[in-house]
Amino acid sequence: MSKKLSKSVLQMKFMKRTREKVEQEEEEEQGRAMYSSEITEKMLHGNSNIFIEPSYVICEGLIECGRFSFGGMDKDIERLMELEAQAKLALKEEDTREKQKEMTKDVNDEDMIKYYNSLMDTVGNKFNKHKRRRGNNGERFMKPNTSNERL
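Note that the structure is predicted; figures quoted are calculated from it, not measured.

Peer 1: Break down the overall build of the protein chain for me, citing the residues and quoting the values.
Peer 2: Within the protein chain, the regular secondary structure consists of five helices and zero strands. If you list the helices and strands of the protein chain from N to C, you get α-α-α-α-α. For the protein chain, the residues scored as buried account for 3% of the 151 residues in total. Here the protein chain displays about 16100 Å² of accessible surface, and carbon together with sulfur accounts for 54% of that area.

Here's what the structure looks like:
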């Protein structure tokens, strides 16, 4: 345990931060004592999954309908919700159809086949040149002639 500072020392002007820290520790200690039976160790040392956002602006676009009903509690509102969902789906389908219309072929299939075949021939010729350079048996280097005969 650490030594506690007297009240007269904590009331001095330069001890303001220390006094606040000591008061906060005392409050935490009292809170733990009051709720020790209800708070588990996991609650004390676990990370919080709650994020505090000072503005509600991010929530504005989440819901367009002001009222909700679930499980048949208010059939009129549920019908309105269903109509809105259908309208959104129809707009989405219309957008996808427009995008598909915009995407057309720049090159027809026959031209693409001719281009692909010529490209494959060009690449094949490149590799054939390398094979010819290697020699007859596919060896990389020719063995030197060890016989005394000159060609």
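Peer 1: Report on the pattern of salt bridges, specifying residues and quantitative values.
Peer 2: Under the defined criterion, the tally for this structure stands at two salt bridges. For glutamate 93, the salt bridge goes to arginine 97, with nearest N and O atoms at 4.0 Å. Placement of the pair is glutamate 93 and arginine 97 together in helix 4 (residues 75-102), with a separation of four residues, close to one helical turn. Glutamate 93 gets classed as partly exposed once you look at its relative accessible area, which sits at 40%.

Peer 1: Please provide a residue-by-residue account of the environment of glutamate 20, values included.
Peer 2: As for its placement among the helices and strands, glutamate 20 is situated in helix 2 (residues 16-34). Residue classification places glutamate 20 among the partly exposed residues on the basis of a relative accessible area of 44%. Taking the C-alpha atoms as reference points, glutamate 20 and leucine 10, separated by ten residues in sequence, lie 9.1 Å from one another.

Peer 1: Tell me about the confidence of the model for the protein chain, residues and numbers included.
Peer 2: For the protein chain, per-residue confidence averages 79 on the pLDDT scale, and residues scoring 70 or more make up 83% of the total. For the protein chain, the element scoring lowest by mean pLDDT is helix 3 (residues 41-45), at 71; helix 4 scores highest, at 90.

Peer 1: Mind laying out a negative patch on the surface, listing which residues take part and the relevant values?
Peer 2: A cluster of acidic side chains, namely Glu20, Glu23, Glu25, Glu26, Glu27 and Glu29, defines a negative patch on the protein surface. Positionally, glutamate 27 belongs in helix 2. Classification of glutamate 27 as exposed rests on a relative accessible area of 57%.

Peer 1: Which residues make up a nonpolar patch on the surface, and what values do they have?
Peer 2: Side chains of Val107, Met112, Tyr115, Leu119, Val123 and Phe127 sit close together on the surface and give an oily, nonpolar patch of about 590 Å² of accessible area. With respect to the helices, strands and loops of the structure, valine 123 is situated in helix 5 (residues 109-134). For valine 123, a relative accessible area of 36% puts it in the partly exposed group.

Criteria and thresholds
- Residues numbered from 1 in each chain as written.
- Predicted model: local features only at pLDDT ≥ 70, side-chain atom pairs only at ≥ 80, totals over all residues.
- Heavy atoms only, no water.
- Helix = DSSP H or I, 4+ residues; strand = E, 2+ residues; numbered from the N terminus.
- Buried < 20%, exposed > 50% of the residue type's maximum accessible area, 1.4 Å probe, protein only.
- Areas by Shrake-Rupley, 256 points an atom, 1.4 Å probe, with all protein chains shown as cover.
- Salt bridge = Lys/Arg side-chain N within 4 Å of Asp/Glu carboxyl O.
- pLDDT = per-residue confidence, 0-100.
- Patch = residues over 30% accessible without salt bridge, like charges linked within 9 Å, V, L, I, M, F, W, Y side chains within 5 Å.
- Lys, Arg positive; Asp, Glu negative; His and termini not counted.
- Charge placed at Lys NZ, Arg CZ, Asp CG, Glu CD.

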